[in-house]
Amino acid sequence: MSRSTTIQAPGLSSYLKSLRSTPVEASIEHFISLLKRRQIRNSRPCALATTQLLIQVVKEFKGKDADKLLRRIRDVGRRLIAAQPREMVVGNIVRRVLGLIREIKDDDADADSNAVNSDAGSPTPHHDSLNRPHLASSISTFSPLRHGALPPMDTTSGPESLADSGELPHRPALFSSHTSYAPLGTSLFGLFSQPDTPSNTSTPTGRHSPTGKHTMTASALERIGESTILKRTNIKAEVLEGMNELQDELEQSDDQIAANALDHIHSNEIILTHTASTSVQKFLLAAAKKRKFTVVHAEAHPNDHDAVHATILTGKKRDAEVISEEAGDRWKPLTAAGITVVLIPDSHVFAIMARVNKVILATHSVLANGGLVAAAGARVIASAAKVHRTPVVVVTGVYKLSPVYPFDIDELIEYGDAGNVVPYDDGDFVDKVDVDNPLYDYVPPELVDLYVTNLGGHAPSYLYRIVADHYHPDDINLSGAVERDEK
Amino acid sequence: MSAEPADTGETPAAPTPATSDPAPPPNAPPTAEKGAPEKPALSGAELKKRAKAEKAAKRAQQKAATVGISGAPQDSKPVQQEPKQQKKDGKQTSKEPKQGPKEAGQPGTPLPMRRRQSVTLPPPKEKEEVVKQVGLFGHLYGQPKQHSIAGAAKEVHPAILALGLQYSSYVICGSTARCVSMLLAFKKVIESYTTPKGQALARHLTAHHLSPQITYLQACRPISISMGNAIRHLKDLIVKIDPAVSEADAKEHLIDSIDSFIRERITAADELISSEAMTKITPGDVVLTYASSTIVQTTLLKAHNAGIPFRVIVVDSKPLYEGKALARNLAHHGLKVSYSLISSAAHAMKSVTRIFLGAHAMMSNGRLYSRVGTAAIAMLAHERDIPVTVLCESVKFTDQVALDSIVKNELASPEELLSENERSALVDLLPKDKSSSADKNEEVMKWWRDEPNLQILNILYDVTPAEYISIVITEHGSLPPSSVPVVHRISTNT
């Protein structure tokens, strides 16, 4: 796949290096396998890798049609999410990019309310009315029923045949049910865009080059509505610009969060934190420049304790090599900043909570209801804080904010290596006893008092608004959105 | 080195008293030999203690002289031990009046030697004793814990010496186990006791013979509530002994009383409690327990043997991992056991229908003082309305009160918190200038220690609020936590 896998242990840094030189489709596959093998894990690395990969996808995208690009990104996104659904950050980044494209598209549509409006602005209401019954009938795009309904798309290598105008006559027959709903303008677009989606999703290994396909479809489109498309020639550049901003946001979010630190930490405070987190570390370091306080650090045994020890002693996590290269020598442990750090095991949380002024939690991802998924042990800490009336502050970048509502909490929790709890060499124990090692805890919103993001402080009840600001409603359910667009 | 013969001289005698507990003789003498030169001559309290011991030794020597034994202590020792052995076996009293002072005198002579040596030798443990204190818990840092029998007062009985080491190394861990083992050792101490001339047993035994033992045990690991209650009970018994009663009878009475104390307050109580608690388990239950409690184990095994189908979740925590042994035992007996650590307690709680907790002590205000982490488990259970059952013998009840886990607690060494694996995981992160060719693990430990603002907290207990406890099962019946002071009064008045 990628050369980097053979050279060194694959991870975020090797992947980012390989991105430039590797074809996009291979990069996607590589990222999927890295996600599946958990060689890229945790929010920040996943977010960085997803952003970089999507930038490559957009760069490589040859067409000029925003809808096409949307679909392309969504397809890639769906594959990435399917690879590791519990890394919700991947989905967040995909949705952010989709939202970006939609925004640019809508801006274009607003700019000239002529023909463009009919295909860029109007589809949404149509989709809604179209989609509801449609979604229920075909739950999965991968179901055999679905494939059965679209035999030509699966077998033929769509693009060429699509480009031929000869295809046009029998298309309405296939999609008669859909075309009947839509006005002529949209249905015409649908004719050409339709085959793309299933062929993309059903061929995850990239049997044919998506590049070629998109060029062909785009050229076909150009033939049909040249006047419309000309106005959107710069869409790719705009999207890339937006994605670079997103990239900057990822890189700067910790510093932006840290800028708030002095608003939340007073002198001589006793602050309890949990697990190793770059965001929290920077947040506390920023406060340490001005104020003296005590940090009680719960070590998150058995999964993150090594990272906690490393953070306490050196100021950075072991796996933070990529970030540390950029940051140079700005990394120092809190103790070097004159902060007293007390390491405690997780069992001490309740005992020490009576004297703790504030709990600062790191998070894996934040959910739209104001709850969060954080390293195992966070729930005990949040509950203990609640019964001691200690405020709980969650420090997180907006990129970790996911539009997902936790209807099924167990679905969000990943289980880790039981060998971390009881080593496998303890044979008879492991044989007879079930050993559990969940990696994450769900913390309900009522246990959280405040979220500090790169946008400022928010109450948990306000997060839904931030979700609405950052994600387009159509993108929230990515698999559903695909159905929706297939009209 | 005259200290050596003094210590080894006791070995032949030790095995006999220690028949029930074979640990003391092999452990005690070698550690003593090693420990003597290592003795750090540091803290004021220790110096005071030693001065006191020395004074006592001199006094004893003088007494011995007046009695008329003038033989060199070193020579006479093996000979003297023989009668001691006999006395223990057959409870003979013939030689006792002479022996008491002699025994006290023997270690007395080498003791000054020991001290002189320690002055010349560099104290190797000095570095470890400079413990960084966690501010909030500063009041709990007292004397560093005793990990060897060096510096123990000479009156300390070998059985107690060995016991102390087992306490400090957590070989004997848990309130009940510590209490029982202490009482058994005290039996040996009383057996080997002889009242000096002109003293009444009722006055002398407690003050001059039992107190050094207790002081030593306290130095090894702070006395548990149950031990305190047992000691109080024993002292009470001693004081009440009629001076007219012969010493042999008095000792026999004391030993019988200790036996019946163990039988009534612990063995029988455990039986009652586990039978009662067992009835709380219904088929299909999922019982969660935290760390390890003998009585919880007995209860679960009883229920299992009674054919009740249920599942057990053992939640555990570092660094002691006591629950591992419990889980292993239960699984060995065929129970369905899951095991997880306290960080995943919220997950473990999902399917649980009942919580069984052991206790270190029940406070007079209804709070439970138990292994650190218990409070978090009880809190999670309370959140989910899962009944929390505390199994606790009334010997663990105390009239002390506690509001939080900070005012009163026991500190363990911070070094215990970092396991071998965790230390070695940090080796490659060692700063270049600090890593030397020396032992890497030791380097890592030094790194932790030398970091000026870095502290490690390792407490052993926490206090669970009374409102999280649904029921306390004792041998007096099942009670709400608010009834603890009442039961304590009843059990101490009888």
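Source: prediction; values computed, not measured.

## Focus: the domain arrangement of chain A
All names here are of chain A.
(1) Moving on: Parsing chain A into structural domains produces domain 1 (12-113 + 234-246) and domain 2 (264-475).
(2) Moving on: Here domain 1 and domain 2 have C-alpha centroids that lie 27 Å from each other.
(3) Moving on: For the domain 1 and domain 2 pair, buried surface summed over both sides reaches about 2100 Å², with 52% attributable to carbon and sulfur atoms.
(4) Moving on: The largest contributions to the domain 1 side of the interface with domain 2 come from Arg44, Arg86 and Met88, which together make up 31% of the buried area.
(5) Moving on: Where domain 1 meets domain 2, there are 3 salt bridges.
(6) Moving on: Taking the shortest distance from any N to any O, the salt bridge between arginine 38 and glutamate 414 comes out at 2.8 Å.
(7) Moving on: Taken together, the links from domain 1 to domain 2 amount to 14 residue pairs in polar contact (both at pLDDT 80 or more).
(8) Moving on: Counting residues per element, the ones that place at least two in the side of domain 1 that touches domain 2 are helix H2 (12-21), helix H4 (43-60) and helix H6 (88-111).
(9) Moving on: Broken down by class, the residue content of the side of domain 1 that touches domain 2 amounts to 6 nonpolar, 6 polar and 9 charged.

## As for the environment of leucine 205 of chain B
All names here are of chain B.
(1) Moving on: Mapped onto the fold, leucine 205 is located in helix H10 (residues 201-220).
(2) Moving on: Assessed through its relative accessible area of 0%, leucine 205 is described here as buried.
(3) Moving on: Sequence separation between leucine 205 and isoleucine 273 is 68 residues, and the spatial gap between their C-alpha atoms is 34 Å.
(4) Moving on: In contact with leucine 205, other than residues within four places in its own chain, are Tyr193, Leu210, Ile238 and Leu254.

## A short note on the interface of chain B and chain A
A common way to report how large an interface is uses the accessible area buried once the components associate.
(1) Moving on: Of the residues lining the interface, 55 residues belong to chain B; the matching set on chain A comes to 53 residues.
(2) Moving on: Together, the buried faces of chain B and chain A total about 4500 Å²; carbon and sulfur atoms form 65% of this surface.
(3) Moving on: Among the residues of chain B in contact with chain A, Ser343, His347 and Asn453 of chain B are the three that bury the most area, contributing 14% of the side total.
(4) Moving on: Summed over the shared surface of chain B and chain A, the number is 6 salt bridges.
(5) Moving on: Aspartate 404 of chain B is paired through a salt bridge with arginine 355 of chain A; the nearest N and O atoms lie 2.2 Å apart.
(6) Moving on: The tally of links between chain B and chain A comes to 22 residue pairs in polar contact (both at pLDDT 80 or more).
(7) Moving on: At the level of secondary structure, the elements contributing two or more residues to the side of chain B that touches chain A comprise helix H14 (322-332), strand S3 (336-341), helix H15 (345-348), helix H16 (374-383), helix H17 (420-425), helix H18 (440-450), strand S8 (454-456) and strand S9 (461-464) of chain B.
(8) Moving on: Residues of the side of chain B that touches chain A, tallied by class, amount to 33 nonpolar, 12 polar and 10 charged.

Parameters at a glance
- For every chain, the first residue of its written sequence is number 1, and the numbers climb from 1 along that sequence.
- Naming scheme: in the order in which they are written, chains are lettered from A and ligands are numbered from 1.
- In view of the model being predicted, local features appear only for residues whose pLDDT reaches at least 70, and side-chain atom pairs are presented and counted only at 80 or more, with totals across whole chains, interfaces and linings using the full set of residues.
- As a convention, hydrogens and water are excluded, and side-chain values are obtained from all of the structure's heavy atoms.
- Start and end positions for the domains come from either an automated domain assignment or a database one.
- The buried area of a pairing is the accessible area, by a 1.4 Å probe, that goes missing from both parts when the two are put together, added over both.
- Any carboxyl oxygen of Asp or Glu within 4 Å of a side-chain nitrogen of Lys or Arg constitutes a salt bridge here.
- We define a polar contact as two N or O atoms separated by no more than 3.5 Å, with the added condition that, inside protein, one atom must be a possible hydrogen donor and the other a possible acceptor, whereas residues neighbouring each other in sequence contribute only through side-chain atom pairs.
- Here a helix means four or more residues in a row that DSSP labels H or I, a strand means two or more in a row labelled E, and each is numbered from the N terminus.
- Here the term charged refers only to Asp, Glu, Lys and Arg, the term nonpolar to Ala, Val, Leu, Ile, Met, Phe, Trp, Tyr, Cys and Pro, and the term polar to all other amino acids, Gly among them.
- Remark: exposure states derive from per-residue accessible area (1.4 Å probe, protein chains only) relative to the maximum for the residue type, with buried under 20%, exposed over 50%, and partly exposed in between.
- By the convention used here, residues are in contact when the closest approach between their heavy atoms is within 4.5 Å.

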